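Observations on chain architecture
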Amino acid sequence: AQKVTQAQTEISVVEKEDVTLDCVYETRDTTYYLFWYKQPPSGELVFLIRRNSFDEQNEISGRYSWNFQKSTSSFNFTITASQVVDSAVYFCALNTGTASKLTFGTGTRLQVTL
Amino acid sequence: ETGVTQTPRHLVMGMTNKKSLKCEQHLGHNAMYWYKQSAKKPLELMFVYSLEERVENNSVPSRFSPECPNSSHLFLHLHTLQPEDSALYLCASSQASGILGTDTQYFGPGTRLTVL
């Protein structure tokens, strides 16, 4: 069975602070894919990153970075120097390919204030 | 239009009404999905279509009826819904290149449905 846990329900930070969103996953498969999506108030889920289980290199894209650690089954997401526009709900998701569906976590609501 | 579009964006209907949600993808993808997002619950996959054939139906009640006439369009026909069906309905598409579901899914803005 697949499971994704985002223990942080809501995080509030002041602009320019760094913030890390946690994601812990469970799967017995050795091949799997992890995703992060952003859902702003408009509702659309915006794709941020896709990572397969064989690639443990951390990734940086502008102010965003991801830390993938198979040893702890975690795929954490860090926003550096947060901005108000980063306010959204962020979802971590997992797919092992054994079922044609993404398993989503419950999401973390990030509120960035001035 | 670009990406994945959904209409209407908001819908209010009574329990005896019949309505349809429309999704259109402009990405040249060959797989499309319907998801339901209820308050305080994880996103739930409802249906998957690959090459216009339904490949997944996650025990969705028959009052929800999907239709995929071609690879660019996906509909969700609604009839005799219940108030607990009120939710955000999200459509997604992907280019299935291997095992369906491992490719990246791109989402539309959703239809917020309220059932009175």
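Now for a quick tour of the structure.

Cut-offs used in this document
- Residues numbered from 1 in each chain as written.
- Chains lettered and ligands numbered in written order.
- Predicted model: local features only at pLDDT ≥ 70, side-chain atom pairs only at ≥ 80, totals over all residues.
- Heavy atoms only, no water.
- Phe/Tyr/Trp six-rings, centres within 6.5 Å; stacked < 30°, edge-to-face > 60°.
- Helix = DSSP H or I, 4+ residues; strand = E, 2+ residues; numbered from the N terminus.
- Pairing = 2+ DSSP bridges.
- Axes fitted to C-alpha atoms, helices over the stretch in contact; angles between N-to-C directions.
- Disulfide = S-S within 2.5 Å.
- Buried < 20%, exposed > 50% of the residue type's maximum accessible area, 1.4 Å probe, protein only.
- Contact = heavy atoms within 4.5 Å.
- Buried area = accessible area lost by both parts, 1.4 Å probe.
- Salt bridge = Lys/Arg side-chain N within 4 Å of Asp/Glu carboxyl O.
- Polar contact = N/O pair within 3.5 Å; in protein donor to acceptor, adjacent residues only side chain to side chain.
- Nonpolar A, V, L, I, M, F, W, Y, C, P; charged D, E, K, R; others polar.

A closer look at the packing of aromatic side chains
- Enumeration according to the criterion identifies 19 aromatic pairs over all chains in this entry.
- With a centroid separation of 6.0 Å and 65 degrees between ring planes, the pair formed by Y37 of chain A and F47 of chain A is classed as edge-to-face. Here F47 of chain A lies in strand β6 (residues 46–52) and Y37 of chain A lies in strand β5 (residues 33–39), a separation of ten residues in the sequence.
- What links up through ring pairs into an aromatic cluster is the set F35, Y37, F47, F91 and F104 of chain A together with Y33, Y35, Y106 and F107 of chain B.

Here we look at the pairing of strand β8 (residues 64–69) of chain A
Residue and element names in this part refer to chain A.
- Two strands pair when backbone bridges link them, and strand β7 (residues 59–61) and β8 are joined in this way by three bridges, in the antiparallel orientation. Pairing of E59 across the sheet is with W66, part of β8.
- The hairpin turn running from β7 into β8, its antiparallel successor, is two residues long, and G62 in that turn takes a positive phi close to 65 degrees.
- As judged from the six bridges shared by β8 and strand β9 (residues 74–79), these two strands associate in the antiparallel manner. Bridging from a neighbouring strand, Y64 pairs with I79 of β9.

A look at the sheet that holds strand β7 (residues 64–70) of chain B
Residue and element names in this part refer to chain B.
- Ordered in space as β1-β3-β8-β7, the four strands form an open sheet in which the pairing is antiparallel. Bordering the open sheet on either side are β1 (4–7) and β7, each of which pairs with just one other strand. Averaged over all pairs of adjacent strands, the angle between strand axes in this sheet comes to 20 degrees, irrespective of strand direction.
- The pairing of β7 with strand β8 (residues 73–79) spans five bridges and is classified as antiparallel. Residue pairing across strands places F64 opposite L78, the latter belonging to β8.

Some details on the state of the cysteines
- On inspection of all chains with the given rule, the structure shows two disulfides over all chains.
- Here C23 of chain A pairs with C92 of chain A through a disulfide, and the sulfurs are 1.9 Å apart. On the sign convention where negative means left-handed, the S-S torsion of about -65 degrees between C23 of chain A and C92 of chain A marks this disulfide as left-handed. One end of the pair, C23 of chain A, is in the loop between β3 (19–21) and β4 (24–26); the other, C92 of chain A, is in strand β10 (residues 88–95), with 69 residues separating them in the sequence. Each member of the pair, C23 of chain A together with C92 of chain A, is buried.
- With no disulfide of its own, C68 of chain B lies 9.0 Å from the sulfur of C91 of chain B, the closest cysteine sulfur.
- Classification of C68 of chain B by relative accessible area gives buried; the value is 11%.

Examining the interface of chain A and chain B
- Each partner contributes residues to the interface: chain A has 21 residues there, and chain B has 23 residues.
- Around 1700 Å² of area is buried between chain A and chain B when both sides are counted, 58% of it from carbon and sulfur atoms.
- At the junction of chain A and chain B, the tally comes to zero salt bridges.
- Counting across the interface, chain A meets chain B through three residue pairs in polar contact (both at pLDDT 80 or more).
- Counting residues per element, the ones that place at least two in the side of chain A that touches chain B are β5, β6 and β10 of chain A.
- For the side of chain A that touches chain B, the leading source of residues is β5 of chain A, giving four residues.
- Residue composition of the side of chain A that touches chain B, grouped by class: nine nonpolar, nine polar and three charged.

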